[in-house]
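Close look at the chain arrangement
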Amino acid sequence: MTHAALLVLADGRFPAGGHAHSGGAEAAVKAGRITCAADLEDFCRGRLHTAGLVAGALAAAAALGLDPRELDAAADARTPSPALRLAARRLGRQLLRAARASWPCAELDELARWFPKGAHQPVVLGLTARAAGLGAPDAAYCALYESVSGPATATVRLLSLDPFDATGVLARLAPELDEVARAAVEAAGAAAGEGPQALPAASGPLLEIMAEAHAAWPARLFAS
Amino acid sequence: MHLDHTHHGPAAVSADAHRPDGTRRALRVGLGGPVGSGKTATVAALCRELRDELSLAVVTNDIYTREDAEFLLRQAVLPPERITAVETGACPHTAIRDDISANLEAVEDLEDAVGPLDLILVESGGDNLTATFSRGLVDAQIFVIDVAGGDDIPRKGGPGVTTADLLIVNKTDLAPHVGSDLARMAADAKAQRAELPVVLQSLRGESGVAEVAAWVRARLAAWTA
Ligand SMILES: Nc1nc2c(ncn2[C@@H]2O[C@H](COP(=O)(O)OP(=O)(O)OP(=O)(O)O)[C@@H](O)[C@H]2O)c(=O)[nH]1
Ligand SMILES: [Mg+2]
């Protein structure tokens, strides 16, 4: 068991497919909602407290050992947009490949058998953290950080935003990320006793609606 | 990596030469190179040339559209279920080298859906001279440049030109019109690549893709031997 595994898993270069996804930033940029670093910060803050919180709690719950099939159903129920469900499953499948190569174990093999086309990414992330010997807070942190780092790097490419400004946004969000991580882990603990219905169901309606529109664009840089 | 020797279930990684059911998987050939050099045209020509003798499929990596896949569909070089488009998030080289998971999924899904396959062609989105395919994704790679991009490209080298298993210098029919010196391009390529093969080709010419198709057949013979 090693805590440094967290660095491997959270590394933006971990080959799990995230680079092709913008976390809704491409649609928001096109709609004129993100035009500068300040907008990016607002956008990321919104994601952190909605999609991020849900993903963090799912990942933490999976890391605690809750049944991934139940968690996957809970993730579906919390993801109204079919396009986002599809993206989450694709990313889950891609992450599972990298996870099984990095931390091979029976639990991940079983997950691959249950979900040959992929489970929701946060669920896979939680089980990956578990396989790497990490805990529920680590899993929550990874999920939450991804929920904001994805849009930040995508915006650097989409708007030619100064990369130092984008990184500054992430740094400023860090204390808030700590708070949301605590809430996510707490919810996961509750779910361990009461079942997945105790998990948060926050959602950003505009993220879901824009994701549907984005999926139908004939030309786009990012898959979601 | 052969992780499946200790674990049951579907393969964890897929550079393995065998599929989970024990059969040999398709040979995967990557085609990379600068924008507009003739990758899709070469893929289309290879499909026409080889489709009667081999079971084929194609994965395209467009940068921001599905145009390559749609071109191949419009040209009807293969049935639609044998062509898959992968989205690459503004970084075509990442999807073929640093993070190959989406492409691996595409090739595996094609083998599941329309297999068994002999050959899968993976076209990269047009990129720069440093873009190369990971050995975890393809078994061999073709780098396609053209005479119109400047006849000093072979001399400049770079990983694509120097290390690809086959270098195609395409659109030789245009050489007189753009003032490119074919003999010099061939000599520079030879100097960069030592024993690695180079094909000068015009898809508008009579022999078209024949030489490249012969190279693919040879790779396939070695793969199945
Ligand atoms: N004259 C001439 N034109 C060619 C030849 N091969 C391809 N072309 C043309 O060059 C253009 C670009 O070819 P594509 O095959 O689309 O190039 P590509 O490398 O796939 O381009 P991207 O995917 O956009 O990077 C098309 O108009 C082709 O018809 C050739 O040998 N001679
Ligand atoms: Mg093309």
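Residues numbered from 1 in each chain as written. Chains lettered and ligands numbered in written order. Predicted model: local features only at pLDDT ≥ 70, side-chain atom pairs only at ≥ 80, totals over all residues. Heavy atoms only, no water.

A tally of helices and strands in chain B yields nine helices and seven strands. Relative to the compact-globule value of 17 Å for 225 residues, chain B shows a C-alpha radius of gyration of 17 Å, a close match. Of all 225 residues assigned to chain B, the portion counted as buried reaches 54%. Sequence-distant contacts, at least 24 apart, represent 76% of the contacts inside chain B between residues at least 6 apart. In the form shown here, chain B has an accessible surface area of approximately 9500 Å², with 53% of it arising from carbon and sulfur atoms. Treating the 21 positive side-chain charges of chain B as one cloud and the 33 negative ones as another, the clouds have centres 4 Å apart. (Helix = DSSP H or I, 4+ residues; strand = E, 2+ residues; numbered from the N terminus. Rg over C-alpha atoms; globule rule 2.2 N^0.38 Å. Buried < 20%, exposed > 50% of the residue type's maximum accessible area, 1.4 Å probe, protein only. Contact = heavy atoms within 4.5 Å. Areas by Shrake-Rupley, 256 points an atom, 1.4 Å probe, with all protein chains shown as cover. Lys, Arg positive; Asp, Glu negative; His and termini not counted. Charge placed at Lys NZ, Arg CZ, Asp CG, Glu CD.)

All names here are of chain B. Summarising the metal site, the magnesium ion (ligand 2) is bound by the protein donors T40 (OG1), D68 (OD), D68 (OD) and E123 (OE), whose distances to it range over 2.1 to 2.7 Å. One way to put it: the six donor atoms around the magnesium ion (ligand 2) meet at angles of 50 to 175°, and that makes the site irregular. Taken in chain order, the donor set of the magnesium ion (ligand 2) reads T-x27-D-x54-E. Here the residue D68 occupies a position in helix α2 (residues 67-74), and E123 occupies one in strand β4 (residues 119-123), the gap between them amounting to 55 residues. By relative accessible area, D68 is classed as buried at 18%. Residue E123 is classed as buried on the basis of its relative accessible area, which comes to 2%. (Donors = N, O, S within 2.8 Å, 3.2 Å for Na, K, Ca; no water. Tetrahedral: all angles 85-135°; square planar, octahedral: opposite > 155°, others 65-115°.)

It is worth spelling out the layout of surface pockets at this point. Residues and elements named next belong to chain B. Roughly 690 Å³ of internal volume is contained in the second largest pocket. What lines the second largest pocket is a set of 28 residues, and nearest its centre among them are G36, G38, K39, T40 and A41. For the lining of the second largest pocket, a count of residues per class yields nine nonpolar, 10 polar and nine charged. (1 Å grid on protein atoms, 1.4 Å probe; cavity = no way out; pocket = protein on both sides within 12 Å on 5 of 7 lines; lining within 4 Å. Points joined across faces, edges and corners; volume = space filled by probe spheres on them. Nonpolar A, V, L, I, M, F, W, Y, C, P; charged D, E, K, R; others polar.)

What follows concerns the UniProt feature "domain: CobW/HypB/UreG nucleotide-binding" (unreviewed entry) in chain B. With numbering matched to this structure, UniProt assigns "domain: CobW/HypB/UreG nucleotide-binding" (unreviewed entry) to residues 29-199 of chain B. Helix makes up 39% of residues 29-199 of chain B and strand 20%, whereas the separation of the span's terminal C-alpha atoms amounts to 16 Å. (UniProt positions renumbered as here; feature names shortened; annotations may be inferred.)

All names here are of chain B. Neighbouring ligand 1 are 18 residues, the closest being K39, T40, A41, D173 and L203. With respect to ligand 1, the backbone of S37 contributes an N or O atom lying 3.2 Å from an oxygen atom. Contact between ligand 1 and G38: an oxygen atom at 3.0 Å from a main-chain N or O atom of the residue. With respect to the pocket detection grid, ligand 1 is positioned in the second largest pocket. Of the residues forming the shell around ligand 1, the biggest block, three residues, is contributed by helix α1 (residues 39-50). Its residues placed into classes, the shell around ligand 1 shows five nonpolar, seven polar and six charged. (Near = heavy atom within 4 Å. Polar contact = N/O pair within 3.5 Å; in protein donor to acceptor, adjacent residues only side chain to side chain. Sits in = over half its atoms within 2 Å of the grid points.)

Membership of the largest hydrophobic core comes to 70 residues, with the highest contact counts inside it found for A:L9, A:L40, A:L71 and A:L199. When residues of this core are assigned to their parent elements, the largest contribution, 15 residues, is made by helix α3 (residues 37-64) of chain A. Ranked by size, the runner-up nonpolar core spans 32 residues in total, among them B:A44, B:L46, B:L119 and B:A213. (Core = buried A, V, L, I, M, F, W, Y, C linked by side-chain atoms within 4.5 Å.)

Attention now moves to the UniProt feature "binding site: GTP" (unreviewed entry) in chain B. Residues and elements named next belong to chain B. UniProt records the feature "binding site: GTP" (unreviewed entry) for G33, P34, V35, G36, S37, G38, K39 and T40 in the present numbering. The subset of the named residues that lines the second largest pocket consists of V35, G36, G38, K39 and T40. Secondary-structure assignment places G38 in the loop between β1 (27-32) and α1. Those residues within four positions of G38 in sequence are excluded, and the remaining contacts are V144, N170 and L203. By secondary structure assignment, the location of K39 is in helix α1.

Moving on: the environment of A:A181. Residues and elements named next belong to chain A. Mapped onto the secondary structure, A181 falls in helix α9 (residues 163-194). Here A181 falls in the buried class, since its relative accessible area comes to 3%. Contacts of A181, omitting those with residues within four sequence positions, involve A140, Y141 and L144.

The interface of chain A with chain B comprises 27 residues on the first partner and 31 residues on the second. Summed over both partners, the interface of chain A with chain B buries about 2200 Å², with 49% contributed by carbon and sulfur atoms. Joining chain A to chain B, the criterion identifies six salt bridges. A salt bridge links A:R93 to B:D109; its shortest N-O distance comes to 2.7 Å. (Buried area = accessible area lost by both parts, 1.4 Å probe. Salt bridge = Lys/Arg side-chain N within 4 Å of Asp/Glu carboxyl O.)

Another aspect to go through is α3(A). Residue and element names in this part refer to chain A. Largest kink in α3: about 45°, centred on G52. Along α3, 20 of the 28 residues are buried, which leaves the element largely enclosed by surrounding structure. Of the residues flanking the end of α3, it is G65, one or two places downstream, whose phi is positive at about 105°. (Bend = angle between axes of the 7 residues up to and from the residue.)

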